[in-house]
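What follows is each chain in one-letter form.
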Amino acid sequence: PPSLPMVIYGVMASVSVGQLFVAGLIPGLLMGLALMLMIFFLARRRGYQRDAAFSWSVLWQTFKRAIPSLFTPIIIVGGIMTGVFTPTEAAIAAVVYALFLGGVVYRILTWRRLFQVSMETIETTAVILLIVAGASIFAWILTSNQVAQQVVGLLGPLADNPVATLIIINVVLLIVGCFMETIAAITILVPVLLPLAVASGVDPVHFGVIMILNLMIGLLTPPVGMVLYVLSRVSNIPFERCMRGTLPFLVPLIVALLMVTFIPALSMWLPELIYR
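J.: Got a minute to help me understand the overall build of the protein in this structure?
T.: Helix and strand counts for the protein stand at 13 helices and 0 strands. The N-to-C order of helical and strand elements in the protein reads α-α-α-α-α-α-α-α-α-α-α-α-α. Along the three orthogonal principal directions, the C-alpha set of the protein runs to about 65 × 40 × 40 Å. Within the protein, the proportion of its 276 residues that are buried is 33%. For the protein, the accessible surface area stands at approximately 16,500 Å², while carbon and sulfur atoms represent 73% of it. Distance from the positive charge centre (13 side chains) to the negative charge centre (9 side chains) of the protein: 19 Å.

J.: Is there a simple way to think about the state of the cysteines in this case?
T.: Linking two cysteines covalently through their sulfur atoms gives a disulfide. Considering all chains together, one arrives at 0 disulfides under this definition. Residue Cys-178 stays outside any disulfide, its sulfur separated by 17 Å from that of Cys-242, the closest cysteine. Cys-178 sits in the buried class, given a relative accessible area of 18%. Take Cys-242: its relative accessible area is 6%, and that puts it in the buried class.

J.: Before we go on, may I ask you to explain the nonpolar core in this structure?
T.: Nonpolar side chains in soluble globular proteins tend to end up buried together. In terms of nonpolar packing, the biggest core is built from 39 residues, with Tyr-9, Ile-169, Ile-186, Val-190, Leu-193, Phe-207 and Met-211 touching the most fellow members. Only helix H1 (4-13), helix H2 (17-23), helix H8 (162-179), helix H9 (182-199), helix H10 (204-218), helix H12 (239-262) and helix H13 (265-274) provide two or more residues apiece to this core.

J.: Looking at this structure, I do not really get the side chain of Asn-214. What am I missing?
T.: Counting through the fold element by element, Asn-214 comes out in helix H10. When sequence neighbours within four positions are dropped, the list of residues in contact with Asn-214 reads Asn-170, Leu-173, Leu-174 and Leu-257.

J.: Help me out: how do you make sense of the environment of Pro-252 in this one?
T.: If you trace the backbone, Pro-252 turns up in helix H12. Separated by 219 residues in sequence, Pro-252 and Leu-33 have C-alpha atoms that sit 9.0 Å apart. Residues in contact with Pro-252, not counting those within four places in the same chain, are Ala-34, Leu-35 and Met-38.

J.: Is there a simple way to explain unusual backbone geometry in this structure?
T.: Even without a glycine there, the phi angle at Ser-14 is positive, about 55°. Here Ser-14 is to be found in the loop between H1 and H2. Taking relative accessible area as the criterion, Ser-14 reaches 68% and is therefore assigned exposed. In this model, Arg-107 sits at a positive phi of 55°, which is unusual for a non-glycine residue. Mapped onto the secondary structure, Arg-107 falls in the loop between helix H5 (87-105) and helix H6 (111-144).

J.: How do you make sense of the packing of aromatic side chains when you look at a structure like this?
T.: Each aromatic ring pair is described using two quantities: the centre-to-centre distance and the angle formed by the ring planes. Applying the stated rule across the entire model yields 4 aromatic pairs. Taking 5.1 Å as the distance between ring centres and 80° as the angle between the ring planes, the aromatic pair formed by Phe-54 and Trp-56 counts as edge-to-face. We classify Trp-56 as exposed; its relative accessible area is 67%.

J.: How do you make sense of the packing of H1 against H10 when you look at a structure like this?
T.: To characterise two packed helices, one gives the angle between the axes of the helices and the distance between these axes. The interhelical angle for the contact between H1 and H10, taken along N-to-C directions, is 140°, at an axis separation of 10 Å. On the basis of their axis angle, the class for H1 and H10 is oblique. Crossing hand, H1 versus H10: right-handed. Contacts from Pro-5, Met-6 and Tyr-9 of H1 reach H10 at Pro-204, Phe-207, Gly-208, Met-211, Ile-212 and Met-216. The residue makeup of the contact of H1 with H10, split by class, is 8 nonpolar, 1 polar and no charged.

J.: Is there a simple way to explain H10 in this structure?
T.: An α-helix turns once every 3.6 residues. As a result, residues three or four positions apart point the same way. Compared with an ideal rise of 1.5 Å per residue, which puts 15 residues at 21 Å, H10 spans 21 Å between its outermost C-alpha atoms and is within 8% of the ideal. Here H10 lies mainly inside the structure; 13 of its 15 residues are buried. A distance of 2.8 Å separates the backbone nitrogen of Val-205 from a side-chain oxygen at the start of H10, and that oxygen is part of Asp-203.

J.: Just to check I follow, could you spell out helix H3 (residues 25-46) for this structure?
T.: Here H3 spans 32 Å end to end across 22 residues, near enough to the 32 Å set by a 1.5 Å rise per residue. Looking only at H3, the buried set comprises Pro-27, Leu-30, Ala-34, Met-38 and Leu-42. An end-on view of H3 places all buried positions within 110° of arc, on one side of the element. Residues of H3 that are exposed and point more than 90 degrees away from the buried face comprise Leu-29, Met-36, Phe-40 and Arg-44.

Rules used throughout
Residues numbered from 1 in each chain as written. Predicted model: local features only at pLDDT ≥ 70, side-chain atom pairs only at ≥ 80, totals over all residues. Heavy atoms only, no water. Helix = DSSP H or I, 4+ residues; strand = E, 2+ residues; numbered from the N terminus. Buried < 20%, exposed > 50% of the residue type's maximum accessible area, 1.4 Å probe, protein only. Areas by Shrake-Rupley, 256 points an atom, 1.4 Å probe, with all protein chains shown as cover. Lys, Arg positive; Asp, Glu negative; His and termini not counted. Charge placed at Lys NZ, Arg CZ, Asp CG, Glu CD. Disulfide = S-S within 2.5 Å. Core = buried A, V, L, I, M, F, W, Y, C linked by side-chain atoms within 4.5 Å. Contact = heavy atoms within 4.5 Å. Phe/Tyr/Trp six-rings, centres within 6.5 Å; stacked < 30°, edge-to-face > 60°. Axes fitted to C-alpha atoms, helices over the stretch in contact; angles between N-to-C directions. Parallel < 35°, antiparallel > 145°, perpendicular 65-115°, else oblique. Left-handed = near helix turned anticlockwise from the far one by under 90°. Nonpolar A, V, L, I, M, F, W, Y, C, P; charged D, E, K, R; others polar. Expected span 1.5 Å × (residues − 1). Polar contact = N/O pair within 3.5 Å; in protein donor to acceptor, adjacent residues only side chain to side chain. Arc of directions from axis to C-beta.

Here it is, written out as structure tokens:
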């Protein structure tokens, strides 16, 4: 949580957001494990040196130093879940707390540094909003030309073949994720693709996990890979280099996506255990 895409999907599909959160737990762990294996493979292949040996004492000392900073996600998630904050208000509270930590607790934030960070934030936000604006225009073009409805019309005869339907839906979502902002894609495609998935015997909660995972992978793919643009801006690394560095990690993500798609129990076991 707060996982805004799942909240938007839950509203659009009239599905329990709680079930969606629970359904995403095992797929999330699976994605993490797949990425860890890829990191291990690349580290061995490229000959990366080992880090310092693990030490419980170092872990404890580091944890104690990090305790003030760890309260930031607690403020955000706790405030939203308890109803104290809206998501926007939680963001403001987190910024105020971060300023308090930097200026009072750690004393590393000077007025000059604050001004510099503010300017960098404005520039990064402007780049992101330009991408969102471009994606919104593209979404409007697709909607006005009824592209999604035409795609469903082509896929309709495949409703009796769930495997073929899921493969095509995954391909469509991966392609859309390359060009369209996530929230816009969910808003446009859920009313179109969900009935097709349900007609093929796919549970709406399971389909929600499939859709969100597809569109999150889209955040790492050009030309509208928003995460790549943010990474490039924050790290001062050229966009092309960020894209090349990210490509190997698309492999484990797509493998995890296929496993989640064709092994429904990965998504549905916990919701059925807890809610049904």
